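Coordinates in review
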Amino acid sequence: MVGDIGFQSLYDWIMGYALIGVTLLLFKYVIVLPPKGNSLSMDTAIFLACLFLFGIEFSLNVLLFSSLIYSFYEKRINWSKHLFNFSAYTIMLISTYYVFLFFNGTIGSINFINLFAYLASFLIYFFVNSLIISTYFWISDKKSLIGVLDGMLKGTLESYVVTLVLSLVLGYLMDSSGVFGLALFAVISILLSIVFKQYFSLYESVKTKANMDHLTGLYNHGYFKEILNEKFEEMKQITINKPLSMAMLDIDDFKIFNDSNGHMKGDHVLTLFGEILIEKCKEKDYVVARYGGEEFVILMPETTENQANDFIECIRKELNNTYVDGVERLPYGCLSFSAGIIEWNIEMYNPTEFLTHADQAMYYAKEQGKNNTHIYGHEFEPLEITASLEELEQQLKLLLAKDIYTYRHSKRVFKFAVEFGKYLLLNEQDKKILSLGALVHDIGKLEVPREIINKTGKLTAEEWNTVKQHVTWGREIIQVDKKNASLVPLVELHHERFDGKGYPYGKKAEEIPKLARILCVIDSFDAMTTERPYQKTKSYNDALDELRDCAGTQFDPFYATAFIDYFNKEYMQVEEDITTI
Amino acid sequence: MVYDGILFAIIVGFIRKGNLKFLTEPLFRWGWIFPIILIIQILVFNFQNQLPILGEWSNTIFIFVYIVGLFFLWLNRKNAGFNLIMIGVLLNFIVMAINGGRMPVSEEASTILDPMYMEAIKNGFYGKHALLTESTRLAFLGDIIPITSPYPRDQVISIGDVIMNIGIFFFIQDKMLKDKPTEEEIISMQLKGGEIK
């Protein structure tokens, strides 16, 4: 009778008992697959096999009893989740059943005649399941419905097909040998589950080893960079402003400690420090890694630089108070570290720049007498730019012989940059970076073949691409000397456009560092007003008009306007005076 | 059935390198109840056909024995597997109590049994059991599951029996493997002598 709970005959009950038992076993023995949390459960195969062999009532009975027993057994899972799973299965099975009947499928035994009905059933089962699961994540995690659906289709399709086809296999087995067939299926499934579990734990342990630093138990350099890159991408996509800070820590005078106490004791200090870091970072969900010898990095999501400072200071105090044998030989008489902290902002060029700045801040802290913490950008005096004007000019002179246009252009842009920097009231450091960057911004043109540079006709697309490459080549030339590191963004990014249509990356608005945006304005202005083999010259007024027109598309509107004001004030005023006279 | 289950559990226990040390310690709380109810059962079983009074009261006595047994299980519920044993016994008890103190046996399933045994049930002689009929309530909890070749002993059991046996299996496994030396101990014993500490 429809609506009755329980199986129809005593024979059905015996079969039902066996099926419920096996279903329960399969709930427990799932096949775990990487990545963590992913698994394949064979219970679906049982429900579908029951559906094809005995009909919907039988299948739902097996589902009901096994779900009930499982929810009593597995109390750790919230009852609402049990209820949700049960309801989801019920909906899936019922819709599958009617689709099966609609395609003229006959209940009873697994038969080739029903092939299309089986296929249709599988499709509808998969479809309904995906829909339910996606809706669940959509409601609970606010993830986009299509995104989840897409992830499901990509990640689980194969395992899905496995379960669906296995339902037919189980159907055959049960059809021909009853409980014995079911037992065979159960044994195979359980053994598979055990074997996969072993592989999975092997995979997990190897993965851990690959990502861990053996001595301290922290993440290693490589894995940290992976996480940092991911986080960086994430930060760029998220529109809500959540802070992200990073600290770089370096144990003070570790070499002295090692030399006077031996490496064994030194290793002990590293292990101890690692333990302290793990303990502290666990509470806050921070990512901590051993960056190099005695250098450590901590990535602190949702933390401002000041919060990060407090946190690091707390660790520093604890380390100062930790006694280790041999610590007397250190200058301070206690273990200590110097730390540099940096907070992420949209102008950050790439993860390497992020790390470099943290490193610079850490060295600044060391210079302040060690055993302290310093936040990047809070220096009393500007960080010294070690790149020297003379050296850069020497490099630029190489251009003189090859491409006199670019040489002169660079000199003029340099002059504008010095003046415009003053006009904008930039701080000393920025002024210096801007002017030096302006001087060498086109250094990459050294690599562009002469015939292209001096070509008088129109450039082909291919030749244009070569010219465009000069920003990348320029970066490579500048990067050779570490002290020029702060000039790199200017050299590489001065052809990025405010609307994201520039090259080489197509960065947009605030993603382009401020100084590169300023340089772009100056560079373009000079390019427009200078005689070039491949371009007509514009008058100053025309060029200023163009700057005005393109403010907000090609140029940062603020700096474009500022440049027009500056230029009018410094140069046009005189002309106007002359005309009025 | 119960004895088969115990034997099977012990064999598996030995395969898993377990031992029977636990038998030297007291196993249960109120452990003495267990032999007493066993003796009562055997006595009633053997003499109910000789003594008419005993025959009349045998159903009540069996139900009483089950209640005492359930109480005993409840006292020892902290042991591994006892929750399952309790559920199994309770299921058997429910179907017996609701059907006048006798376990219904399915005739269909019992065709595998000795015909003599069936005859005895039909005539109402045979102690604890009665034939399953249309009027039997909760028949699906009765003795309906036939166990036959390749299993060496033909019998018909109930779902309660199955669950109870699973419980007994877990209990014996737990006890047999309790004092098993862990892997670490084995290794440290091997390392003794010649090793630092």
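Residues numbered from 1 in each chain as written. Chains lettered and ligands numbered in written order. Predicted model: local features only at pLDDT ≥ 70, side-chain atom pairs only at ≥ 80, totals over all residues. Heavy atoms only, no water.

1. A short note on the overall build of chain A
- Regarding its fold elements, chain A presents 22 helices and seven strands.
- Out of the 581 residues in chain A, the part that is buried amounts to 48%.
- Carbon and sulfur atoms provide 59% of the accessible area of chain A, an area that totals close to 29,900 Å². (Helix = DSSP H or I, 4+ residues; strand = E, 2+ residues; numbered from the N terminus. Buried < 20%, exposed > 50% of the residue type's maximum accessible area, 1.4 Å probe, protein only. Areas by Shrake-Rupley, 256 points an atom, 1.4 Å probe, with all protein chains shown as cover.)

2. Considerations on the sheet that holds strand β4 (residues 287-290) of chain A
All names here are of chain A.
- Strand order across the open sheet formed by five strands is β4-β5-β3-β6-β7, with mixed pairing between neighbours. Edge positions in the open sheet fall to β4 and β7 (373-375), since each of these has one partner strand only. Strand-to-strand twist across the sheet, computed as the mean angle between neighbouring axes with direction ignored, equals 15 degrees.
- Alignment of β4 against strand β5 (residues 295-301), held across four bridges, turns out to be antiparallel. Bridging across to β5, Ala289 finds its partner in Val297.
- Contacts from helix α8 (residues 221-237) reach β3 (244-251), β4 and β5 within the one sheet, and its direction differs from that of β5 by about 25 degrees.
- Helix α11 (residues 305-320) contacts β3, β5, β6 (337-343) and β7 of the sheet and is inclined by roughly 165 degrees relative to β6. (Pairing = 2+ DSSP bridges. Axes fitted to C-alpha atoms, helices over the stretch in contact; angles between N-to-C directions. Contact = heavy atoms within 4.5 Å.)

3. Some remarks on the interface of chain A and chain B
- Facing four residues of chain A, the contacting portion of chain B comprises nine residues.
- Between chain A and chain B lies a buried interface of about 610 Å² when both sides are counted; carbon and sulfur atoms form 84% of it.
- Of all residues in chain A, Leu10, Ile14 and Tyr17 of chain A bury the most surface against chain B, accounting for 83% of the area lost on that side.
- Taken together, chain A and chain B are joined by one residue pair in polar contact (both at pLDDT 80 or more).
- For the side of chain A that touches chain B, the class distribution of residues is four nonpolar, no polar and no charged. (Buried area = accessible area lost by both parts, 1.4 Å probe. Polar contact = N/O pair within 3.5 Å; in protein donor to acceptor, adjacent residues only side chain to side chain. Nonpolar A, V, L, I, M, F, W, Y, C, P; charged D, E, K, R; others polar.)

4. What to know about helix α14 (residues 404-423) of chain A
Residue and element names in this part refer to chain A.
- Between the first and last C-alpha of α14 there are 29 Å, a value that for 20 residues agrees with the 28 Å anticipated at 1.5 Å per step.
- Considered for burial, the residues of α14 that qualify are Thr406, Tyr407, His409, Ser410, Val413, Phe414, Phe416, Ala417, Phe420 and Gly421.
- Taken from the residues just after α14, Leu425 is the one with a positive phi, measuring 55 degrees. (Expected span 1.5 Å × (residues − 1).)

5. Structural notes on a nonpolar patch on the surface
All names here are of chain A.
- A cluster of nonpolar side chains, contributed by Ile188, Leu192, Val195, Phe196, Tyr199, Leu202 and Val206, occupies part of the molecular surface with about 650 Å² of accessible area.
- In this fold, Leu202 is placed in helix α7 (residues 179-211).
- A relative accessible area of 51% means that Leu202 is categorised as exposed. (Patch = residues over 30% accessible without salt bridge, like charges linked within 9 Å, V, L, I, M, F, W, Y side chains within 5 Å. Salt bridge = Lys/Arg side-chain N within 4 Å of Asp/Glu carboxyl O.)

6. Topic: the packing of helix α2 (residues 43-54) of chain A against helix α5 (residues 115-141) of chain A
All names here are of chain A.
- At a minimum axis separation of 13 Å, α2 and α5 run at an interaxial angle of 140 degrees. Taken together, the axes of α2 and α5 lie oblique to each other. With respect to the hand of their crossing, α2 and α5 are arranged in right-handed fashion. Counting all contacts with α2, which are made through Thr44, Leu48 and Phe52, the residues of α5 involved are Tyr118, Ser121, Phe122 and Tyr125.
- Split by residue class, the contact of α2 with α5 holds five nonpolar, two polar and no charged. (Parallel < 35°, antiparallel > 145°, perpendicular 65-115°, else oblique. Left-handed = near helix turned anticlockwise from the far one by under 90°.)

7. Some points on helix α1 (residues 10-28) of chain A
- Counted at 1.5 Å a residue, the expected span for α1 of chain A with its 19 residues is 27 Å, and the 27 Å between its end C-alpha atoms agrees.
- Looking at α1 of chain A, one finds that the buried residues are Asp12, Trp13, Ile14, Met15, Gly16, Tyr17, Leu19, Ile20, Val22, Thr23, Leu26 and Phe27 of chain A.

8. Description of the pairing of β3 of chain A
Residues and elements named next belong to chain A.
- Within β3, eight of the eight residues are buried, which leaves the element mostly enclosed by the surrounding structure.
- Here β3 shows no split at all, with Leu244, Met246, Met248 and Asp250 on one side and Ser245, Ala247, Leu249 and Ile251 on the other all buried.
- Strand direction decides the pairing type here: β3 and β5, joined by seven bridges, are antiparallel. When the sheet's bridge partners are listed, Asp250 is paired in β5 with Glu295.
- Examined bridge by bridge, β3 and β6 share seven bridges and lie antiparallel to one another. Directly across from Met248, in β6, lies its bridge partner Gly340.

9. A few points about empty space enclosed by the protein
Residue and element names in this part refer to chain A.
- In this structure the tally under the stated criterion is two cavities of 30 Å³ or more.
- In terms of lining residues, the second largest cavity is bounded by Glu496, Arg497, Phe498, Ile512, Ala516, Arg517, Cys520, Gln554, Phe555 and Asp556.
- Across the lining of the second largest cavity, the residue classes break down as five nonpolar, one polar and four charged. (1 Å grid on protein atoms, 1.4 Å probe; cavity = no way out; pocket = protein on both sides within 12 Å on 5 of 7 lines; lining within 4 Å. Points joined across faces, edges and corners; volume = space filled by probe spheres on them.)

10. What to know about the confidence of the model for chain B
All names here are of chain B.
- Across chain B, pLDDT averages 80, with 85% of residues at or above 70.
- For chain B, helix α8 (residues 183-191) is the element with the lowest average pLDDT, namely 56, and helix α7 (residues 159-176) is the one with the highest, namely 92.
- Contacts from residues 193-197, a stretch scored under 50 in pLDDT, to residues over four places away or in other chains number zero contacts.
- Quick note on the complex model: pTM equals 0.63, ipTM equals 0.82. (pLDDT = per-residue confidence, 0-100.)

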